[in-house]
Amino acid sequence: EDQVTQSPEALRLQEGESSSLNCSYTVSGLRGLFWYRQDPGKGPEFLFTLYSAGEEKEKERLKATLTKKESFLHITAPKPEDSATYLCAVQAGYSSASKIIFGSGTRLSIRP
Amino acid sequence: DTGVSQDPRHKITKRGQNVTFRCDPISEHNRLYWYRQTLGQGPEFLTYFQNEAQLEKSRLLSDRFSAERPKGSFSTLEIQRTEQGDSAMYLCASSSHDHRGRRSPLHFGNGTRLTVT
């Protein structure tokens, strides 16, 4: 069964303290891995899509990487406004109707 | 703003009542999804439309739940005879065509928070 696991569940960092969030997946035929940011009371906001192992994407203080089994979201010198839940999702299978499966997220808190 | 719009933002209902939510996707997107999210969890897939056709439904979607997308535009999600376990955030998302076999990302609305008392 397709599965997405995120770790840690929660992470508290000091402002400026870099770290990484992990997303491990077991799927057949990965067609895309997605990272989202979600603020309390709002819907997930799209950050990145990664399609194949070795691919990397960057946006401001965030950098996403992908291997055949996992993805990392690296956050460099975070600021308090980076505090949010970060969700990883995968779409597998070769049908256009294949659903996108989400992990449970990592709650990131940045202290000033 | 041409993002995904959901209405209402909040709904409080008594157990046993019916509720209906509406989603207006991004206009050029042909795919529309409904997800449910409870506190501390990621979104769980409920159902998916391509244009007006409902192509997939999750086993989570009991026969009390029904979704429609008339004319391939907006969508409605109805829950009949609500139960306390239906309390959750209901999220709608839309996406465009895949390009060269690569999956397009979902773009989410801000959800409808349902509380069943």
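Cut-offs and rules
Residues numbered from 1 in each chain as written. Chains lettered and ligands numbered in written order. Predicted model: local features only at pLDDT ≥ 70, side-chain atom pairs only at ≥ 80, totals over all residues. Heavy atoms only, no water. Helix = DSSP H or I, 4+ residues; strand = E, 2+ residues; numbered from the N terminus. Buried < 20%, exposed > 50% of the residue type's maximum accessible area, 1.4 Å probe, protein only. Contact = heavy atoms within 4.5 Å. Areas by Shrake-Rupley, 256 points an atom, 1.4 Å probe, with all protein chains shown as cover. Lys, Arg positive; Asp, Glu negative; His and termini not counted. Charge placed at Lys NZ, Arg CZ, Asp CG, Glu CD. Rg over C-alpha atoms; globule rule 2.2 N^0.38 Å. Core = buried A, V, L, I, M, F, W, Y, C linked by side-chain atoms within 4.5 Å. 1 Å grid on protein atoms, 1.4 Å probe; cavity = no way out; pocket = protein on both sides within 12 Å on 5 of 7 lines; lining within 4 Å. Points joined across faces, edges and corners; volume = space filled by probe spheres on them. Nonpolar A, V, L, I, M, F, W, Y, C, P; charged D, E, K, R; others polar. Pairing = 2+ DSSP bridges. Axes fitted to C-alpha atoms, helices over the stretch in contact; angles between N-to-C directions.

**Some points on the overall build of chain A**
Along chain A, the regular secondary structure elements total zero helices and 11 strands. Starting at the N terminus and ending at the C terminus, chain A contains elements arranged as β-β-β-β-β-β-β-β-β-β-β. A principal-axis box enclosing the C-alpha atoms of chain A has dimensions of 45 × 30 × 20 Å. The buried share of chain A, reckoned over its 112 residues, is 47%. Look at the contacts in chain A between residues 6 or more apart in sequence, and 56% of them connect residues 24 or more apart. Only carbon and sulfur atoms are counted for the fraction: they give 47% of the accessible area of chain A, which is about 5300 Å². The distance from the centre of the 14 positive side-chain charges to the centre of the 14 negative ones in chain A is 2 Å.

**Re the overall build of chain B**
A count of helical and extended segments in chain B gives zero helices and 11 strands. Reading chain B from its N end, one meets helices and strands in the order β-β-β-β-β-β-β-β-β-β-β. In terms of overall dimensions, chain B is globule-like: its C-alpha atoms have a radius of gyration of 14 Å, near the 13 Å expected for 117 residues. Once the C-alpha set of chain B is aligned to its principal axes, its extents read approximately 45 × 30 × 25 Å.

**Here we look at the environment of Val 27 of chain A**
Residue position: Val 27 of chain A is located in the loop between strand E3 (19–26) and strand E4 (30–38). Sequence-wise, Val 27 of chain A and Ala 92 of chain A are 65 residues apart; in three dimensions their C-alpha atoms are separated by 6.0 Å.

**Let's talk about the nonpolar core**
Among the nonpolar cores identified, the biggest contains 23 residues, and Leu 33, Trp 35, Phe 48, Leu 62, Leu 73, Tyr 86 and Leu 108 of chain A are the most heavily contacted of them. Mapped by element, the contributors of at least two residues to this core are strand E2 (10–14), E3, E4, strand E5 (45–50), strand E7 (62–66), strand E8 (70–75), strand E9 (84–92) and strand E11 (106–111) of chain A. Sorting elements by how many residues they give to this core places E9 of chain A first, with four residues. In terms of nonpolar packing, the next biggest core, distinct from the first, is built from 19 residues, Val 19, Trp 34, Ile 79 and Cys 92 of chain B among them.

**Digging into the layout of surface pockets**
Its volume calculated, the largest pocket comes out at about 680 Å³. In this structure, the largest pocket is lined by 24 residues; those nearest its centre are Glu 1, Asp 2, Lys 99 and Ile 101 of chain A together with Phe 45 of chain B. Sorting elements by how many residues they give to the lining of the largest pocket places strand E10 (residues 100–102) of chain A first, with three residues. When grouped by side-chain class, the residues that make up the lining of the largest pocket number nine nonpolar, eight polar and seven charged.

**A short note on the sheet that holds E8 of chain A**
Residue and element names in this part refer to chain A. Spatial strand order, E1-E3-E8-E7-E6: five strands in an open sheet with antiparallel pairing. What marks the edges here is a single partner per strand, and that holds for strand E1 (3–7) and strand E6 (56–59). The sheet shows a mean angle of 15 degrees between the axes of neighbouring strands, direction not considered. With five bridges connecting them, E1 and E3 associate as antiparallel partners. Residue Ser 7 lies in a different strand from E3, and its bridge partner there is Asn 22.

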